[in-house]
Amino acid sequence: NGLTAAADDGTHYSVFFPGQTITFLPLAAVLEAARRVIGGDPGTWLRLGDFIAAMLLVPLIAAAAVLGHAALLGALGLGRRAAAASALVLALGTAQWVWATAGSEEVSLGAAAAWAMWFGLRGIGRLPELAAASAAASDTDPADAARIRRSIITALGLGGVLVAVGLIHRGTAGCSTRR
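Just so we're clear, the structure is a prediction, and the values are computed from it rather than from any experiment.

Side note on the packing of aromatic side chains
Argument step 1. Per the stated rule, a full pass over the model turns up one aromatic pair.
Argument step 2. Aromatic pair Trp 115 and Trp 118: ring centres 5.3 Å apart, planes at 80°, arrangement edge-to-face. Linking Trp 115 with Trp 118, this pair stays in helix H5 (residues 106-125), spanning three residues, or about one helical turn.
Argument step 3. Given the relative accessible area of 26%, Trp 115 is considered partly exposed.
Argument step 4. Look at Trp 118 and you get buried, because its relative accessible area is 18%.

Quick look at the side chain of Gln 96
Argument step 1. Summarising the element assignment, Gln 96 is placed in helix H4 (residues 96-102).
Argument step 2. With a relative accessible area of 6%, Gln 96 lands in the buried category.
Argument step 3. Excluding its chain neighbours within four sequence positions, the residues that come into contact with Gln 96 are Ala 62, Ala 65, Val 66, Leu 90, Ala 91 and Val 107.

Comments concerning a nonpolar patch on the surface
Argument step 1. A contiguous nonpolar surface patch, about 510 Å² in accessible area, is contributed by Leu 48, Phe 51, Met 55, Leu 56 and Leu 60.
Argument step 2. Residue position: Leu 48 is located in helix H2 (residues 42-75).

Side note on the environment of Ile 52
Argument step 1. Relative to the elements of secondary structure, Ile 52 occurs in helix H2.
Argument step 2. Residues Ile 52 and Leu 27, spaced 25 residues apart in sequence, show a C-alpha to C-alpha distance of 8.5 Å.
Argument step 3. In this structure, Ile 52 is in contact with Leu 27, Leu 31 and Leu 57, ignoring residues within four places of it in sequence.

With respect to the pattern of salt bridges
Argument step 1. Applying the stated rule across the entire model yields two salt bridges.
Argument step 2. With a shortest N-O distance of 2.8 Å, Glu 32 and Arg 36 are connected by a salt bridge. On the criterion of helical spacing, the pair formed by Glu 32 and Arg 36 is a turn pair, its members being four residues apart in helix H1 (residues 18-38).
Argument step 3. Overall, Glu 32 belongs to the partly exposed group, its relative accessible area being 29%.
Argument step 4. For Arg 36, a relative accessible area of 64% puts it in the exposed group.

Considerations on H1
Structurally, the α-helix is built with 3.6 residues per turn, so residues lying three or four positions apart point the same way.
Argument step 1. Helix length check: H1, at 21 residues, gives a terminal C-alpha distance of 29 Å against a target of 30 Å (1.5 Å per residue), a fit within 8%.
Argument step 2. Bending of H1 peaks at approximately 40° at the position of Leu 25, with proline Pro 26 no more than four residues after it.
Argument step 3. One or two steps after H1, the chain reaches Gly 39, where phi turns positive at roughly 90°.

Regarding the packing of H1 against H2
Argument step 1. The interhelical angle for the contact between H1 and H2, taken along N-to-C directions, is 145°, at an axis separation of 10 Å. As for how H1 packs across H2, the hand of that crossing is right-handed. Across the interface between the two elements, Thr 23, Phe 24, Leu 27, Leu 31, Ala 34, Arg 35 and Ile 38 from H1 touch Pro 42, Trp 45, Leu 48, Gly 49, Ile 52, Ala 53, Leu 57, Val 58 and Ile 61 from H2.
Argument step 2. Grouping the constituent residues of the contact of H1 with H2 by class yields 13 nonpolar, two polar and one charged.

Brief notes about the nonpolar core
Argument step 1. In this structure, Val 58, Ile 61, Ala 62, Ala 65, Ala 100, Val 107 and Ala 111 together form the largest nonpolar core, which totals seven residues.
Argument step 2. For this core, the secondary structure elements donating two or more residues are H2 and H5.
Argument step 3. Sort the elements by how many residues they give to this core and H2 lands first, with four residues.
Argument step 4. Setting aside residues no more than four positions away along its own chain, Val 107 makes contact with Val 58, Ile 61, Ala 62, Ala 65, Gln 96, Trp 99 and Ala 100.

Looking at helix H3 (residues 80-93)
Argument step 1. Its 14 residues place the ends of H3 19 Å apart at the C-alpha level, agreeing with the 20 Å of an ideal helix rising 1.5 Å per residue.
Argument step 2. Where the residues of H3 are buried, they touch H2 and H4.

Reading the values: the criteria
Residues numbered from 1 in each chain as written. Predicted model: local features only at pLDDT ≥ 70, side-chain atom pairs only at ≥ 80, totals over all residues. Heavy atoms only, no water. Phe/Tyr/Trp six-rings, centres within 6.5 Å; stacked < 30°, edge-to-face > 60°. Helix = DSSP H or I, 4+ residues; strand = E, 2+ residues; numbered from the N terminus. Buried < 20%, exposed > 50% of the residue type's maximum accessible area, 1.4 Å probe, protein only. Contact = heavy atoms within 4.5 Å. Patch = residues over 30% accessible without salt bridge, like charges linked within 9 Å, V, L, I, M, F, W, Y side chains within 5 Å. Areas by Shrake-Rupley, 256 points an atom, 1.4 Å probe, with all protein chains shown as cover. Salt bridge = Lys/Arg side-chain N within 4 Å of Asp/Glu carboxyl O. Expected span 1.5 Å × (residues − 1). Bend = angle between axes of the 7 residues up to and from the residue. Axes fitted to C-alpha atoms, helices over the stretch in contact; angles between N-to-C directions. Left-handed = near helix turned anticlockwise from the far one by under 90°. Nonpolar A, V, L, I, M, F, W, Y, C, P; charged D, E, K, R; others polar. Core = buried A, V, L, I, M, F, W, Y, C linked by side-chain atoms within 4.5 Å.

Here is the structure:
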């Protein structure tokens, strides 16, 4: 079906990288538990999972990406109306709409990147209080402490985005499931 690759021993593995697989794992676990309780053909349950993922889960992740985009713009100082207008353009004027309806991993990438940067900015926003607490506990100048923490948080935020991209997107690894 193109979603799995067969190993030499006949075992099938997902062609997606771990982040994409982990995204759908809770849905798969719920459906497998329901199948065991209710019974029925595993193929039918698999098709039901595909339907739920395509009609509900992937569009919800796409919505999270759009909301993350708006939240990030707000954190960067853009007004609510401008951030909402930008989010609307992202949702309806780019391929985000297509990706949301096609089950593509790009929506997961967008959500992960936007929210990782938003959390990073929130962490940077807390730097003055962290710097003051650190300076009070040591002989470090508060400005130096803030600069150091900002560098660390920025590096962690960018690292988080890169890890998310590597875990979710097939094209970043330069790998192929074909032999």
